[in-house]
Amino acid sequence: MTNPFKRRRPRCHFFATMFLALCAAMLPVAAAAQQEVGTAETFEAIRAADLQLARIGYRIATANAELCEQLEPGTGLQLHSLDLYDGAMRSRAEAHFGFATDLAIEAVVPGSPAEAAGLQADDSLVRIGPVVIAGTSGRPNSTERLVQVQLALAELPPEAPVEVEALRDGVPIRATILPVPRCRSRFELRLADDLNASADGTMVQLSSRYLEDFPEEFVAATVAHELSHNILRHRVRLEARGVSWGLLSGFGGNVKYFRQTEVEADLLAVSLLVNAGYGADTMVRFWSHFGPRHAGGILRSRTHPSWRDRVATVRQEAMRVAAISTRPVRPPILEARDRPLDGDWQSLLVRD
């Protein structure tokens, strides 16, 4: 995993300009060579990938609501906006997904409150909660409208009913979602043929190659690690230390603080996964697989501890957590979020 805190402009999970990357990353290469950008197969591959990440994020974020200081309504809705498409791609997307307004339901997480409310993929939103879609705006090829709606929903009481007005095949429908509390964080898929994951305090972002290369439990391990950064307030705590970002994060006094956040996130991720019903050894198996293949590099090794030590650390934590019968597990590292970073990452690490 790369430095999850480097400053960069967030990118949408399916910009129109990223469709060629999607064909390479989300579909088999032979099949991708035969697909035209903007075909039904491509759009459905996007929907399936977004739903997979949404489902994993929903599962982890709802199961660990008791561990989070900031909550939002867990609806199970995966939304998308017509603003994300431009040119010929816009008309193709509008026709395929049946956009009747500028914001629609891309997918619904199975078993979620949105499904219980009767909402379906391709329902076009007229109003959701306090947000009237016609009153929102966004630039072409941007997530502005989508993020605006998501942030407004995140401010609602986590268990308050959310009224929805939508159009289904041109027919007005109304529904009431009875949400469940979930940790406040957006989950976004970035279409790219790399293995980068990041967290910025309010969002978790994964590149699409994770979904192609790894089984669900390893994707969940990545999501849990990045969500741990948000739960532990790492961005705020790093900024309070005045650290340097980007390439400079791997030099000087920055190193110890970034390594501390990485080890803290690993430790918390073990409990997040167990609380969500994944095996206690999921992080162990993930790092044992991911580490020797992708965790090398001189710059990354400066901000991230050795993958072998990370395996040893999460293995010890997994054994501790597995012996606890109560759920949700509240690990001691959770209390660190209220303390300034002191750079003492070595006391948290178990040496291989």
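Remember, predicted model here, so these are calculated numbers, not experimental data. (Residues numbered from 1 in each chain as written. Predicted model: local features only at pLDDT ≥ 70, side-chain atom pairs only at ≥ 80, totals over all residues. Heavy atoms only, no water.)

As a further point, take helix α6 (residues 144-154). For α6, the complete set of buried residues consists of Arg-145, Leu-146, Val-147, Val-149, Leu-153 and Ala-154. Packed against the buried residues of α6 are β1 (71-74), β2 (77-81), β3 (103-108), β4 (124-128), β5 (131-132) and β9 (186-190). (Buried < 20%, exposed > 50% of the residue type's maximum accessible area, 1.4 Å probe, protein only. Helix = DSSP H or I, 4+ residues; strand = E, 2+ residues; numbered from the N terminus. Contact = heavy atoms within 4.5 Å.)

With respect to the helices and strands, the residue Val-274 is situated in helix α10 (residues 254-275). Judged by relative accessible area, Val-274 falls into the buried class, the value being 10%. The spacing of Val-274 and Asn-64 is 210 residues in sequence and 9.6 Å in space, taken between C-alpha atoms. Each residue touching Val-274, except ones within four places of it in the same chain, is listed here: Gly-279, Ala-280, Val-321 and Arg-327.

As a further point, take the pattern of salt bridges. Scanning the entire structure with this criterion turns up 24 salt bridges. We note a salt bridge from Arg-285 to Asp-281, for which the minimum N-O separation is 3.2 Å. Accessibility expressed as a relative area gives 37% for Asp-281, which makes it partly exposed. Here the residues in one salt-bridge network are Asp-83, Arg-90, Asp-102 and Arg-145, joined through shared partners. (Salt bridge = Lys/Arg side-chain N within 4 Å of Asp/Glu carboxyl O.)

So, about the packing of helix α8 (residues 216-231) against α10. Running from N to C, α8 and α10 point in directions that differ by 120°, and their axes come no closer than 8 Å. Relative to α10, the element α8 lies oblique. By crossing handedness, the relation of α8 to α10 is classed as right-handed. Across the interface between the two elements, Ala-220, Ala-221, Ala-224, His-225, Leu-227, Ser-228, His-229 and Ile-231 from α8 touch Thr-261, Glu-262, Ala-265, Asp-266, Leu-268, Ala-269, Leu-272 and Leu-273 from α10. Residue classes in the contact of α8 with α10 are distributed as ten nonpolar, four polar and two charged. (Axes fitted to C-alpha atoms, helices over the stretch in contact; angles between N-to-C directions. Parallel < 35°, antiparallel > 145°, perpendicular 65-115°, else oblique. Left-handed = near helix turned anticlockwise from the far one by under 90°. Nonpolar A, V, L, I, M, F, W, Y, C, P; charged D, E, K, R; others polar.)

Below, the discussion takes up the environment of Asp-281. Structurally, Asp-281 is set in the loop between α10 and α11 (282-294). With 33 residues separating them in the primary sequence, Asp-281 and Val-314 have C-alpha atoms 8.0 Å apart.

Turning our eyes to something else, we now look at the packing of aromatic side chains. Taken as a whole, this structure holds twelve aromatic pairs when the rule is applied. Plain terms: the ring middles of Phe-286 and Trp-287 are 5.4 Å apart, the flat faces sit at 65° to each other, and that makes the pair edge-to-face. Across this residue pair, the class does not change: Phe-286 and Trp-287 are buried. Note on Phe-286 and Phe-290: the rings are 5.1 Å apart at their centroids and 25° apart in plane angle, and the pair reads as stacked. In this pair, Phe-286 and Phe-290 are both assigned in helix α11, four residues apart and thus about one turn of the helix distant. (Phe/Tyr/Trp six-rings, centres within 6.5 Å; stacked < 30°, edge-to-face > 60°.)

No statement about biological role is implied by the geometric values presented.
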